[in-house]
Amino acid sequence: GFPVFAWKGESEDDFWWCIDRCVNVEGWQPNMILDDGGDLTHWIYKKYPNMFKKIKGIVEESVTGVHRLYQLSKAGKLCVPAMNVNDSVTKQKFDNLYCCRESILDGLKRTTDMMFGGKQVVVCGYGEVGKGCCAALKAMGSIVYVTEIDPICALQACMDGFRLVKLNEVIRQVDIVITCTGNKNVVTREHLDRMKNSCIVCNMGHSHTEIDVASLRTPELTWERVRSQVDHVIWPDGKRIVLLAEGRLLNLSCSTVPTFVLSITATTQALALIELYNAPEGRYKQDVYLLPKKMDEYVASLHLPTFDAHLTELTDEQAKYLGLNKNGPFKPNYYR
C-alpha cells in the first residue's frame with residue numbers, strides 16, 4: 001500500500017525524479033526523514049526548505065550522508081536533530097564488516113567466475129568494509145595488499161598480516177583492485193592506464209565516485225559489454241580491464257545482501273526514528289547524535305534468539321563491582 005519510486009538501472013536524472021516524487025506530494029507533509037547517503041536530505045534542503053518546519057528529525061545510515069550532516073551542523077545550517085545510525089556498532093559490524101566479508105566473494109564469482117587462490121589483490125581502505133573484504137580474500141588464499149591513509153587502520157592491516165602499500169607501487173602487478181574508502185578518485189585514469197591486461201576493477205565503498213569511470217569514456221577506448229554488470233574496457237594496444245557494475249557498489253549491483261543483515265540495520269533505523277519522534281521537547285538540539293548505546297545493545301539482543309544464544313546476567317555484586325546497571329548499557333557511548 002506504499003508508493004515506491006525506484007527501479008534497477010535508473011539514470012541520474014531518474015534518481016532525482018524518484019526522490020522528488022517521494023517528497024513533492026500535494027497535501028502531504030513528512031515529519032521524519034530516513035536517508036541513506038544524504039541525497040533525500042540534500043534535495044529537501046535545496047527544493048523544499050519549508051518542510052523542515054514540520055520535520056522532527058533525520059535518521060542517516062551511511063558514511064557519506066553522516067559526513068554531509070556534520071558539514072551542515074558545522075556551518076550552522078542543520079535545522080532539525082539528526083541521528084547518526086552509521087556509527088552504531090551493530091550497523092558498522094554487520095552491514096559493513098560481516099556482510100562485505102560474505103558478499104565480496106559472491107559478487108566477484110557471479111560476475112567473473114574467477115578463482116581466488118594465489119591472485120594478487122589490492123584493497124583500498126581498511127575500515128570495516130576493507131577489513132571484511134581482506135579477511136574473505138585471505139581465507140581463499142589470495143595475496144592481499146592494503147592502501148590506507150589512517151595510521152591506526154594501517155597498523156591494524158599490518159597486524160592482520162597484510163602488506164601496506166601505495167597504489168602506485170603495486171598497480172602493475174595486481175589481478176584485482178577493490179575500493180572501500182567512501183572517497184572519490186581513488187583509482188584514477190593514470191592507475192587504469194598502468195594496470196595489467198585483464199585486471200578486474202570494482203568498488204565496495206559507499207559511493208560510485210571511487211573509480212574515475214568517466215575518464216574511461218573517451219574515443220580511443222572501446223567498451224564491450226560482456227554480460228550484465230561486466231564491461232571490458234579495451235586500450236588501443238589490445239590491453240583490457242574488466243570493470244564491474246560500472247564502478248557502482250559491487251555487492252548491491254551483482255550479488256545479494258543477506259536478510260539477516262538488513263534486519264539488523266532496519267531495526268536500528270526504526271529505533272532511531274522512534275527515539276527522535278518521541279523525544280520530549282529540548283532533549284535533542286539541532287545537531288548530529290549517535291544512537292544511544294542502550295539501543296545499540298537492544299538491537300543486538302533482539303537478534304540473539306536466531307542463534308539460540310543465551311546471555312549471562314550479572315549478579316548484583318558483579319554489577320556493583322563494575323559500576324554498571326544489570327540491564328546495560330554495558331559499554332560507554334564512545335565505545336567503537
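The model shown is predicted, which means the values in this text are computed figures rather than measured ones.

What follows deals with the overall build of the chain. On a plain count of helices and strands, the chain comes out with twelve helices and twelve strands. Since a compact globule built from 336 residues should have a radius of gyration of about 20 Å, the 22 Å found for the chain is in line with a globular shape. In terms of overall dimensions, the chain has C-alpha extents of about 65 × 55 × 40 Å along its principal axes. Out of the 336 residues belonging to the chain, those deemed buried represent 46%. In the chain, the proportion of contacts linking residues at least 24 apart, taken out of those at least 6 apart, comes to 64%. If you sum the accessible surface of the chain, you get close to 18,300 Å²; carbon and sulfur atoms cover 55% of it.

On to the UniProt feature "domain: S-adenosyl-L-homocysteine hydrolase NAD binding" (unreviewed entry) in the chain. Taking the UniProt record as the reference, the feature "domain: S-adenosyl-L-homocysteine hydrolase NAD binding" (unreviewed entry) is found at residues 96-257. Taken end to end, residues 96-257 has its terminal C-alpha atoms 11 Å apart, with 33% of it in helix and 23% in strand.

Domain boundaries in the chain define domain 1 (22-86 + 260-322) and domain 2 (91-254). A separation of 31 Å is found between the C-alpha centroids of domain 1 and domain 2. Listed as interface residues are ten residues of domain 1 and, on the opposing side, seven residues of domain 2. Between domain 1 and domain 2 the total buried area reaches about 840 Å² when both faces are included, carbon and sulfur atoms providing 59% of it. Across the contact surface, domain 1 and domain 2 share one salt bridge. With a shortest N-O distance of 3.9 Å, Lys91 and Glu61 are connected by a salt bridge. Taken together, the connections running from domain 1 to domain 2 amount to three residue pairs in polar contact (both at pLDDT 80 or more). Looking at the side of domain 1 that touches domain 2 element by element, the count peaks at three residues for helix H10 (residues 259-278). Taken together, the residues of the side of domain 1 that touches domain 2 sort by class into three nonpolar, five polar and two charged.

Attention now moves to the nonpolar core. Side chains that are nonpolar tend, in soluble globular proteins, to be buried together. Counting 31 residues, the largest nonpolar core has Ile104, Leu108, Ile178 and Met204 as the members making the most contacts within it. Counting residues per element, this core draws most heavily on helix H5 (residues 128-139), which supplies five residues. The residues contacting Leu108, other than those within four sequence positions of it, are Asp113, Met114, Phe116, Ile178, Ile200, Cys202, Leu244 and Leu250.

Relative to the helices and strands, Asp231 is located in strand E10 (residues 230-234). Judged by relative accessible area, Asp231 falls into the buried class, the value being 4%. A distance of 3.0 Å separates the side chain of Asp231 from the side chain of Arg225, its partner in a polar contact. In this structure Asp231 touches Trp223, Glu224, Arg225, Ile241, Val242, Leu243 and Glu246, once residues within four positions along its chain are discounted.

Here we come to unusual backbone geometry. The linkage connecting Gly328 with the following residue, Pro329, adopts the cis geometry, with an omega of 0°. Summarising the element assignment, Pro329 is placed in the segment after helix H12 (316-322). Phi angles above zero are rare outside glycine, and Asp113 is one such case at about 55°. Tracing the backbone through its elements, the reader meets Asp113 in the loop between helix H4 (89-112) and strand E4 (120-124). Note on Asp113: relative accessible area 55%, which makes it exposed.

One pass over the structure, following the stated rule, counts nine aromatic pairs. Here the aromatic rings of Trp16 and Trp43 are separated by 5.2 Å at their centres, their planes lie at 25°, and the arrangement is stacked. Of this pair, Trp16 sits in helix H1 (residues 12-23) while Trp43 sits in helix H2 (residues 39-47), placing them 27 residues apart in sequence. Aromatic side chains Phe260 and Phe307 sit 5.3 Å apart centroid to centroid with 80° between the ring planes, which places their arrangement in the edge-to-face category. Of the two residues, Phe260 is situated in helix H10 and Phe307 in the loop between helix H11 (293-303) and H12; the sequence distance between them amounts to 47 residues. A relative accessible area of 24% places Phe260 in the partly exposed class. The exposure class of Phe307 is exposed, given its relative accessible area of 56%. Following the ring pairs from residue to residue traces out a cluster consisting of Phe5, Trp7 and Trp17. One cation-aromatic arrangement involves Lys138 over Phe162; the distance from NZ or CZ to the ring centre is 5.1 Å. Geometry around Trp235 places Lys239 over its ring, the cationic atom sitting 4.2 Å from the centre.

About the cut-offs
Residues numbered from 1 in each chain as written. Predicted model: local features only at pLDDT ≥ 70, side-chain atom pairs only at ≥ 80, totals over all residues. Heavy atoms only, no water. Helix = DSSP H or I, 4+ residues; strand = E, 2+ residues; numbered from the N terminus. Rg over C-alpha atoms; globule rule 2.2 N^0.38 Å. Buried < 20%, exposed > 50% of the residue type's maximum accessible area, 1.4 Å probe, protein only. Contact = heavy atoms within 4.5 Å. Areas by Shrake-Rupley, 256 points an atom, 1.4 Å probe, with all protein chains shown as cover. UniProt positions renumbered as here; feature names shortened; annotations may be inferred. Domains from an automatic or database assignment. Buried area = accessible area lost by both parts, 1.4 Å probe. Salt bridge = Lys/Arg side-chain N within 4 Å of Asp/Glu carboxyl O. Polar contact = N/O pair within 3.5 Å; in protein donor to acceptor, adjacent residues only side chain to side chain. Nonpolar A, V, L, I, M, F, W, Y, C, P; charged D, E, K, R; others polar. Core = buried A, V, L, I, M, F, W, Y, C linked by side-chain atoms within 4.5 Å. Phe/Tyr/Trp six-rings, centres within 6.5 Å; stacked < 30°, edge-to-face > 60°. Lys NZ or Arg CZ within 6 Å of the ring centre and 35° of its normal.

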